[in-house]
Amino acid sequence: MKADYTEFHPAGQPPRAVHPAGSKARVLLTSVFGPYAQDDEYGSRAMNPMELYHNQVTRTQGPFSLRMFHRSWGLMMIQSNIEAPCTLLDFPVLKRFIEEIRDNEYDIVGISGITPNLLKVKKMCELVRQYLPNATIVVGGHIANIPDLHKRIDADHCVKGEGVRWFRRFLGEDDQRPLRHPTIYSGIGTRNAGVTVKDRPGDVAATVIPSVGCPLGCNFCSTSAMFGGKGKFINFYETGDELFEIMCQLEREMKVHSFFVMDENFLLHRKRALRLLELMEKHDKAWALYVFSSANVLRSYTMDQLVRMGISWVWMGIEGRDSQYKKLQGIDTFELIKELQSHGIRVLGSTIIGLENHTPENIDEALDYAARHVTDFHQFMLYTPIPGTPLHAELSAKGMMKDESEYHVGDIHGQLIFNYRHPHINDEQSAEFMLRAFNRDFEANGPSTARITRTTLAGYRRYKNHPDARIRRRYAWEARELATTFAALVGGAKLYYRNNPAMYAKMSAILKDLCEEFGWKTRLCGAIGGRWLLRKLRQEEKRLAAGWTYEPPTFYERNEACADNPAAQPCRYVQPIAVPAPQRAAGARELVSIS
């Protein structure tokens, strides 16, 4: 069915009509095409690869940069939760995408992207019209925040917000049916210090997605805007009991001990989080949880609660000194981060460059403020008004937004230039300040992988003799490679920095602490493994200097209803427990007070 109209669907708005084929419609879901880490006419940029960490966290750490890819989790969630035959093509190159739509018949093609992907999505829509003229095109993801997207691309439906229930409605299915959770590894292709990690069962965390949207609604947050703005969110798993059951199934299916909790502010849903803790203790689960949380919500829990819940990694917004955001008011972020790390909780801090008060004269003070937090990782992003956010509306009303002829949409990715006229900083300065930010943090604090070694060791030392065996097991599991792999890493870093007295001393101190804790085996690994790793670091440096880039593999998967496509791998998921569908209003009553 080719619609004779183009629909834009704000968050939560259902489709106007059901597809004529209903659940028999053949569906293709796809991410935008690669290669990604190159400069091309479609908006790919060498400085904006398909790598979260290397892109915006460890960008200038050279051979020490953490490299990995993350699957298109939203598309995986949709595929696992519709009854129609559905194929997922994740990270295709352009030729592979063309082959798929040329050689196969599909009734619906769903494309997901972010704002810098506009030209890629436009090209993909044109190709679908060429090869599948009768197919219905559905576009979603963060790109749907663009208010006039339906005028810029040839799509039938532009869907802003949560896609599972929208697709169910469009296919005539029960949109209140409990959600299956796909089996998702949090990262793939992990690479560091010139070595691609060979993951063993249980090494990589499973991703679990309890909710989407963020009630805090910071003015720059495109995720909050995509799901309705401040105060709005959708719970996939309303209660701690539901979430615990899903996590138990993922544990059994994937043999995991840890979970990357993809929820913009997981601990904000206090009743659910504390019930999960209660069940973890009751059933003796020594899980490690990696979460996003704001500083004020973290402070609403005791350290004992965080440790018992298994919180071992937290992504926290620091934003900037004297920022306007309530989530930081009254919080000493320096003291909070130091305390978290003393309990073995690794911190990824996030700082905004280009706030309203930033100038060329005070930017170094802002960068020093960020670096002094000594987080294990540190993200830096430009203050960017993404379409659909309150910040974009505010700056548009003030006449500060640039005309789109003044920049390329592929360059508005938060690492290079502004899409508006900053009162004090021009485009050349913004690019230079971003590099300066990453370099300042790296030069002051060293490789992030060495920092997490130090924090993990601190936690292990503190809790290795804890009276609760469950807590002891969790810290022992997290410290399982400190004596070997991480000793070699720090040993290699120590040799790498032998001509840098300050950093050599930092690496030496970490290695000394490891050796004191674990003994002769660690000394051997630090010495012999360190020399081997130094060669790998030097090789990686040469590879990077020669222009080497990292690209994700292509994934080709089908759900159970898609029985006639043996070339695609079956997608995997776990079943929900039989409980009533969650209601958003109920979730709102669980929130930690954020006023």
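Before reading on, note that the structure itself is shown above.
The shown structure was predicted, so the numbers you read here are calculated from the model rather than taken from an experiment.

Undergrad: I'd like a description of the overall build of the protein, backed by residues and values.
TA: What the protein contains, in helices and strands, is 21 helices and 21 strands. Computed over the C-alpha atoms, the radius of gyration of the protein is 24 Å, within 12% of the 25 Å expected from 2.2 N^0.38 for a compact globule of 595 residues. By principal-axis analysis of the C-alpha atoms, the protein measures approximately 70 × 55 × 50 Å. By the burial criterion, 60% of the 595 residues in the protein qualify as buried. Taking the intrachain contacts of the protein between residues at least 6 apart in sequence as the baseline, contacts between residues at least 24 apart amount to 77%. Summed over all atoms, the accessible surface of the protein reaches about 23400 Å², with 52% contributed by carbon and sulfur. Taking the 75 positively charged and 69 negatively charged side chains of the protein as two groups, their mean positions are separated by 5 Å.

Undergrad: For the sheet that holds strand 11 (residues 206-208), give the residues involved together with the corresponding values.
TA: The strand order across the open sheet formed by six strands is 11-14-15-16-17-18, and the pairing between neighbours is parallel. Edge positions in the sheet fall to strand 11 and strand 18 (377-382), since each of these pairs with one other strand and no more. When strand polarity is set aside, the average angle formed by the axes of neighbouring strands in this sheet is 20°. Sheet strands in contact with helix 15 (residues 427-445) are strand 17 (346-353) and strand 18, and its direction is about 175° off that of strand 18.

Undergrad: Describe unusual backbone geometry, and please don't skip the residues or the numbers.
TA: Backbone torsion omega between Gly34 and Pro35 reads 0°, so that peptide bond is classified as cis. Despite not being glycine, Lys255 shows a phi value in the positive range, around 60°. Residue placement: Lys255 occurs in the loop between helix 8 (240-254) and strand 14 (258-261). Even without being glycine, Val374 reaches a positive phi, approximately 50°.

Undergrad: Now, about the pairing of strand 16 (residues 311-319): what can you tell me, with residues and values included?
TA: Burial of strand 16 is extensive: nine of the nine residues sit out of reach of the surface. With four bridges joining them, strand 15 (residues 288-292) and strand 16 adopt parallel strand pairing. Looking at strand 16, one finds that Leu289 is bridged to Ile311. As judged from the six bridges shared by strand 16 and strand 17, these two strands associate in the parallel manner. Within the sheet, the bridge partner assigned to Trp313 lies in strand 17 and is Arg346.

Undergrad: Outline the environment of Ala155, supporting the account with residue identities and numerical values.
TA: Its location among the elements puts Ala155 in the loop between helix 5 (149-152) and strand 7 (157-159). A relative accessible area of 0% places Ala155 in the buried class. Distance from Ala155 to Ala488, taken between C-alpha atoms, is 52 Å for residues 333 residues apart in sequence.

Undergrad: Quick one: what's the story with the sheet that holds strand 9 (residues 188-192), residue by residue and with numbers?
TA: In spatial order, the strands read 3-9-10; together these three strands make up an open sheet with antiparallel pairing. The outermost strands of the open sheet, each flanked by one partner alone, are strand 3 (67-69) and strand 10 (195-196). The pairing of strand 3 with strand 9 spans two bridges and is classified as antiparallel. Paired with Arg67 across the two strands is Arg191, which belongs to strand 9.

Undergrad: For the packing of helix 18 (residues 485-496) against helix 19 (residues 501-518), give the residues involved together with the corresponding values.
TA: Helix 19 packs onto helix 18 with a crossing angle of 155° between their chain directions and a minimal axis gap of 8 Å. Accordingly, the angle class assigned to the pair helix 18 and helix 19 is roughly antiparallel. Relative to helix 19, helix 18 is oriented so that their crossing is left-handed. Listed contacts from helix 19 to Phe486, Ala487, Val490, Gly491, Ala493 and Lys494 of helix 18 are Tyr504, Met507, Ser508, Ile510, Leu511 and Leu514. For the contact of helix 18 with helix 19, the residue count by class is nine nonpolar, two polar and one charged.

Undergrad: Now, about the nonpolar core: what can you tell me, with residues and values included?
TA: Core analysis: the largest hydrophobic core is formed by 87 residues, its most contacted members being Phe167, Phe266, Leu267 and Leu289. Sort the elements by how many residues they give to this core and helix 8 lands first, with seven residues. Core analysis: the second largest hydrophobic core is formed by 36 residues, Leu89, Val128, Ala135 and Ile146 among them.

Undergrad: Run through the environment of Arg462, naming residues and quoting values.
TA: If you trace the backbone, Arg462 turns up in helix 16 (residues 448-463). Relative accessible area serves as the criterion here: at 46%, Arg462 is assigned to the partly exposed category. With 177 residues separating them in the primary sequence, Arg462 and Lys285 have C-alpha atoms 20 Å apart. Residues contacting Arg462, with those up to four places away along its chain left out, are Ser342 and His343.

Undergrad: Lay out the pattern of salt bridges with the relevant residues and their values.
TA: Applying the stated rule across the entire model yields 45 salt bridges. With a shortest N-O distance of 2.6 Å, Arg346 and Glu478 are connected by a salt bridge. Note that Arg346 is positioned in strand 17 and Glu478 in helix 17 (residues 469-478), a separation of 132 residues in sequence. Across this residue pair, the class does not change: Arg346 and Glu478 are buried. Each member of the salt-bridge network shares a partner with another, and the members are Asp364, Asp368, Glu432, Arg436 and Arg440.

So, how was this worked out
Residues numbered from 1 in each chain as written. Predicted model: local features only at pLDDT ≥ 70, side-chain atom pairs only at ≥ 80, totals over all residues. Heavy atoms only, no water. Helix = DSSP H or I, 4+ residues; strand = E, 2+ residues; numbered from the N terminus. Rg over C-alpha atoms; globule rule 2.2 N^0.38 Å. Buried < 20%, exposed > 50% of the residue type's maximum accessible area, 1.4 Å probe, protein only. Contact = heavy atoms within 4.5 Å. Areas by Shrake-Rupley, 256 points an atom, 1.4 Å probe, with all protein chains shown as cover. Lys, Arg positive; Asp, Glu negative; His and termini not counted. Charge placed at Lys NZ, Arg CZ, Asp CG, Glu CD. Pairing = 2+ DSSP bridges. Axes fitted to C-alpha atoms, helices over the stretch in contact; angles between N-to-C directions. Parallel < 35°, antiparallel > 145°, perpendicular 65-115°, else oblique. Left-handed = near helix turned anticlockwise from the far one by under 90°. Nonpolar A, V, L, I, M, F, W, Y, C, P; charged D, E, K, R; others polar. Core = buried A, V, L, I, M, F, W, Y, C linked by side-chain atoms within 4.5 Å. Salt bridge = Lys/Arg side-chain N within 4 Å of Asp/Glu carboxyl O.

That's the geometry; what it means functionally is another story.
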